[in-house]
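Tertiary structure, described
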Amino acid sequence: MTPQLFVDVLLDAVHDTLELVPFLFVTYLAMEALEHAAGGKTERIIARADKSGPVVGALLGALPQCGFSAMAGTLYAARVVSAGTLVAVILSTSDEMIPVFVAHEQPVGRLLAIMGTKVAIGMVVGLLVDMVLRALHRAGDGHAHIAELCEAAHCECDEIEGEDLDASADGTAAGAAGHDHAHAHGHSRGSRIWHIVRSALIHTAEVTFFIFLVTLAFGLVIELAGTDAIGHFLGVHPFRATLLAALIGLIPNCGASVAITELYLAGSLGAGPMMAGLLVSGGMGLLVLFRTNRDMRQNVAITAFIYVVGVVCGLVVSGLGIIF
């Protein structure tokens, strides 16, 4: 490997990671604020969101960036969104497909057909996942588990609660001294906001560093292998190509979706394998899920399920002779 190649991959990894930072920070900031301000309303919000979550998630995932998949992974780890919503977002996320199509000046109708198919699959599969989990009484307890993320990150978010109680007690003891009470209340609010922001920053920094390392590693592997080698690896047999394209799509790096799209546009990959690879190519969503969700068996099950969905849909597209 030449030094220039390493520098190029390093810069790409930094760029891809930095793009996610605003999404991650806003997500953690909102979660912390929800945890400490919404109180009993949180469960009602989650209950309402579960019904339409996959529909909204699939539409957001179609936007030309992978930030929403990272947000979905984080929100699911805290049980703020349902498993169906997470699946819908990942299946509809296009990662780098859209920029590649635009760069090759492909017809807009062709691009919209692929995106529309991914969104429709994301919605249907996401809604079915939630429906089945509810029927099996495995949809969760209906409570957000944001505090568990704090415990895992050791960010001492619970200090907010303690300081609020102390400040409240001081304010009550002040009693007749209204000015002192107002000052204590103001201090409490400022302290609470600072701890919420600090917690969000800690979570964001930890996940960002993890994403950077993995992105750099996979970027180096993809660059060393090359698109030609990947194309040869996929082969021409539809069934084998579908299985392998979906496997490559799981790689949490934009290079995977770029390679799949380039091979499809070059005619080296059929519509079925292309659809399988791009369905599972959900940006950094699964990577963030593995970093934030403690239940590894659950993470593996979700990943395996998404892979199976991608393969099945790819085989259906090939079997029906659909051409985009």
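Look up a bit, the structure's there.
On a predicted model such as this, the values are computed, not experimentally measured, just so you know.

Reading guide: rules and limits
What you see as residue numbers is a count from 1 along each chain, following the sequence as written. Since the coordinates come from a predicted model, pLDDT governs what is reported: local features require at least 70, and pairs of side-chain atoms require 80 or more to be given and counted, while whole-chain, interface and lining totals use all residues. Calculated side-chain values reflect all of the structure's heavy atoms, with hydrogen atoms and water omitted. Helix and strand definitions follow DSSP, with helices as H or I runs of at least four residues and strands as E runs of at least two, each counted in order from the N terminus. Working definition: with a 1.4 Å probe on protein chains only, accessible area under 20% of the residue-type maximum means buried, over 50% means exposed, and in between means partly exposed. Nitrogen and oxygen atoms within 3.5 Å of one another constitute a polar contact, given that in protein one can donate a hydrogen and the other can accept it, and given that sequence-neighbouring residues count only through two side-chain atoms. Contacts: residue pairs with any heavy atoms within 4.5 Å of one another. Two distance rules govern patches: like charges are joined within 9 Å, and nonpolar side chains (Val, Leu, Ile, Met, Phe, Trp, Tyr) within 5 Å, applied only to residues with over 30% relative accessible area and no salt bridge. We get accessible surface area from the Shrake-Rupley algorithm with a probe of 1.4 Å; when it comes to residues, only the shown protein chains can shield them. When a carboxyl oxygen of Asp or Glu lies within 4 Å of a side-chain nitrogen of Lys or Arg, that pair is called a salt bridge. Residue types Ala, Val, Leu, Ile, Met, Phe, Trp, Tyr and Cys, when buried and joined through side-chain atoms within 4.5 Å, form a set referred to as a nonpolar core.

**Re the side chain of Ser 69**
Looking at where Ser 69 falls in the secondary structure, it is placed in helix 3 (residues 67-77). Residue classification places Ser 69 among the buried positions, given a relative accessible area of 0%. Polar contacts involving the side chain of Ser 69 include one to the main-chain carbonyl oxygen of Gly 282, which spans 2.9 Å. In this structure, Ser 69 is in contact with Val 89, Thr 93, Gly 282, Gly 283, Met 284 and Gly 285, ignoring residues within four places of it in sequence.

**Remarks on a nonpolar patch on the surface**
A surface patch of nonpolar side chains, amounting to about 420 Å² of accessible area, comprises Val 308, Val 312, Val 316, Leu 320 and Ile 322. With respect to the secondary-structure elements, Leu 320 resides in the segment after helix 15 (296-319). A relative accessible area of 63% places Leu 320 in the exposed class.

**Description of helix 4 (residues 83-92)**
In terms of burial, helix 4 is a largely internal element, 10 of the 10 residues being buried. Residues of helix 4 that are buried: Ala 83, Gly 84, Thr 85, Leu 86, Val 87, Ala 88, Val 89, Ile 90, Leu 91 and Ser 92.

**Points about the nonpolar core**
Core analysis: the largest hydrophobic core is formed by 50 residues, its most contacted members being Leu 91, Met 97, Ile 114, Tyr 264, Met 274 and Phe 324. A total of eight residues in this core trace back to one element, the largest contributor, which is helix 6 (residues 108-135). Excluding anything up to four places from it in sequence, Met 274 contacts Ile 114, Ile 260, Tyr 264, Leu 269 and Phe 324. Residues Leu 24, Ala 70, Leu 287 and Val 288 belong to the second largest nonpolar core, which totals 11 residues.

**Regarding unusual backbone geometry**
Even without a glycine there, the phi angle at Arg 79 is positive, about 60°. Relative to the helices and strands, Arg 79 resides in the loop between helix 3 and helix 4. Owing to a relative accessible area of 24%, Arg 79 belongs among the partly exposed residues under this scheme. A positive phi is found at Glu 105, a non-glycine position, where the angle reads about 55°.

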